[in-house]
Structures are given as C-alpha cells and as structure tokens.
Amino acid sequence: VTDTRQEQAREVHLWSNAVVAVHRGDVSVARTYAKEGLHLAERHEDHFEVLANGSVLGFLELSLGNAPGAHEQMAPLLELAQRMGIEEPGIFPFLPDEIEALVALGELDSAQALLERLEEQAMARDRPLALAGAARCRGMLAAARADFDHAIEAVEEAVEHHGRVAQPFD
C-alpha cells in the first residue's frame, strides 16, 4: 500500500486489530499490529493514531508486568496529548495505565499529579470509564502508601463506576 490515504486507513485498521489481539492475550500479533500502526502514524504525523497505537503498546507492556516498558511507551503519549491540548479523558484512555505504571515504578508523586489531572477532567465531563480508572488508580496509590482502608474504598468506587459502562473487560 503506497497511497497515503490507504496507509492512513491502515493505521486505524491496525490499531483496532491490535486492541482485539491484546485483549485476547495474543502478544505477538498485538505488538506487530500496533508497532506497524504506530510507524505509519508517525510517518504521516497523524497524532491521533500515534496516541491510539502507542497506547496499545503501553497497555500490552503493563499487562505483561513490564512497568518500565509501559512507562517508556506512554510517557511520550502523555506529552503529545498535552501539546495537542486534549482534555477529554474519553478520547485516549491511557492515563490510568500510565498512572498504574508510575505506581509500580514507585514514582508516587508523579502518579498523584497525573491522577489529580485525570480526576479533574473525568469529573468535569462525567466520564464513567475515566472515573472508574481514576478510582482504580487512587486505590493502587493508596495501597502503595499502605493506606488500605482508602484503597478498598477507592476500588469499590471503581466497581460502581464500571457498572455505568458497557465494557466488561475493564
């Protein structure tokens, strides 16, 4: 495929297939599709598809227990989203995954700052999935600080928010 428009359509196709593959646990297929989609998106300077394909790679690494690799994938995405002025947490829901990676890395202050941003954006727009992700991250952060009562409360809140979203995987 050499036509740019066809390649740009392929970026989306690769992303959607990578999402399915990563949720099915097909690591090699997910990685292959997302990397190719990311490469095409970067070549075309298609920032939205850079965020989409890159977030799949970050989620994949986080799912494999590779917090450093997940953070390596998602930190540039966070910077790109900030440069683009994206404040809608529903567009690219990789913020909870980045927060989770930061918690796993012991970067609790950075995780807290990003969580505050996510919660503010999610509450301002009443986005159930973002609210659920924020509550989950608040629970992980509280647990990392040995505040187990607040961790349990936050996880219970996350479950409530998830009840408002028809996304059984989450």
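First, a word on what this report is: a plain description of the structure on this page.

What counts, and at which threshold
- Per chain, residue numbering runs from 1 following the sequence as it is written.
- Reporting of local features is limited, given that this is a predicted model, to residues whose pLDDT is at least 70; pairs of side-chain atoms are given and counted only at 80 or more, and all residues count toward the totals for whole chains, interfaces and linings.
- Processing note: side-chain calculations cover all non-hydrogen atoms of the structure and skip hydrogens and water entirely.
- Secondary structure counts use DSSP, requiring at least four H or I residues in a row for a helix and at least two E residues in a row for a strand, with both numbered from the N terminus.
- For the radius of gyration, the atom set is restricted to C-alpha positions; the globular benchmark scales as 2.2 Å times the number of residues to the power 0.38.
- The criterion used for residue contact is that any of the two residues' heavy atoms lie within 4.5 Å.
- Side-chain atoms within 4.5 Å link the members of a nonpolar core, which is a set of buried Ala, Val, Leu, Ile, Met, Phe, Trp, Tyr and Cys residues.
- Remark: exposure states derive from per-residue accessible area (1.4 Å probe, protein chains only) relative to the maximum for the residue type, with buried under 20%, exposed over 50%, and partly exposed in between.
- The convention used is that axes are lines fitted to C-alpha atoms, helices contributing only their stretch in contact, and that angles between N-to-C directions extend from 0 to 180 degrees.
- Any angle that is under 35 degrees is reported as roughly parallel, and any over 145 degrees as roughly antiparallel; angles of 65 to 115 degrees are reported as roughly perpendicular and all others as oblique.
- By the definition used in this description, the sense in which the near helix is turned from the far one sets the handedness, with an anticlockwise turn below a right angle giving left-handed and a clockwise turn giving right-handed.
- The length a helix should cover is 1.5 Å for every residue beyond the first.

As for the overall build of the protein chain
Okay, so step 1: Along its length, the protein chain carries eight helices and zero strands.
Okay, so step 2: Going from N to C terminus, the protein chain has its helices and strands arranged as α-α-α-α-α-α-α-α.
Okay, so step 3: For the protein chain, the C-alpha radius of gyration of 16 Å lies close to 15 Å, the compact-globule estimate for 170 residues.
Okay, so step 4: A sequence separation of at least 24 residues applies to 59% of the contacts in the protein chain between residues at least 6 apart.

Here we look at the nonpolar core
Okay, so step 1: Ranked by size, the top nonpolar core spans 40 residues in total, and within it Leu51, Phe94 and Ile99 carry the most contacts.
Okay, so step 2: Mapped onto this core, the elements with two or more residues apiece are α1 (4-24), α2 (27-44), α3 (47-63), α4 (67-84), α5 (95-104), α6 (108-125) and α7 (128-144).
Okay, so step 3: Considering each element in turn, this core owes the most residues, eight residues, to α3.
Okay, so step 4: Apart from residues no more than four positions distant in its own chain, Ile99 is found in contact with Ala111, Leu114, Leu115, Leu118 and Cys137.

Description of the packing of α7 against helix α8 (residues 148-162)
Okay, so step 1: Relative to each other, α7 and α8 sit at 165°, their axes nearing to 7 Å. On the basis of the axis angle, α7 is roughly antiparallel to α8. Here α7 and α8 pass one another in a crossing that is left-handed. For the pair formed by α7 and α8, the contact residues are Pro128, Leu129, Leu131, Ala132, Ala135, Arg136, Arg138, Gly139, Ala142 and Ala143 on the first element and Phe148, His150, Ala151, Ala154, Val155, Glu157, Ala158, His161 and His162 on the second.

Overview of α7
Okay, so step 1: The end-to-end C-alpha separation of α7 is 24 Å, in line with the 24 Å expected for 17 residues at 1.5 Å each.
Okay, so step 2: Pro128, Ala130, Leu131, Ala132, Gly133, Ala134, Ala135, Cys137, Gly139, Leu141 and Ala142 are the residues of α7 that are buried.
Okay, so step 3: Next to the buried residues of α7 lie α5, α6 and α8.
Okay, so step 4: Once α7 ends, the next one or two residues include Ala146, with phi positive near 65°.

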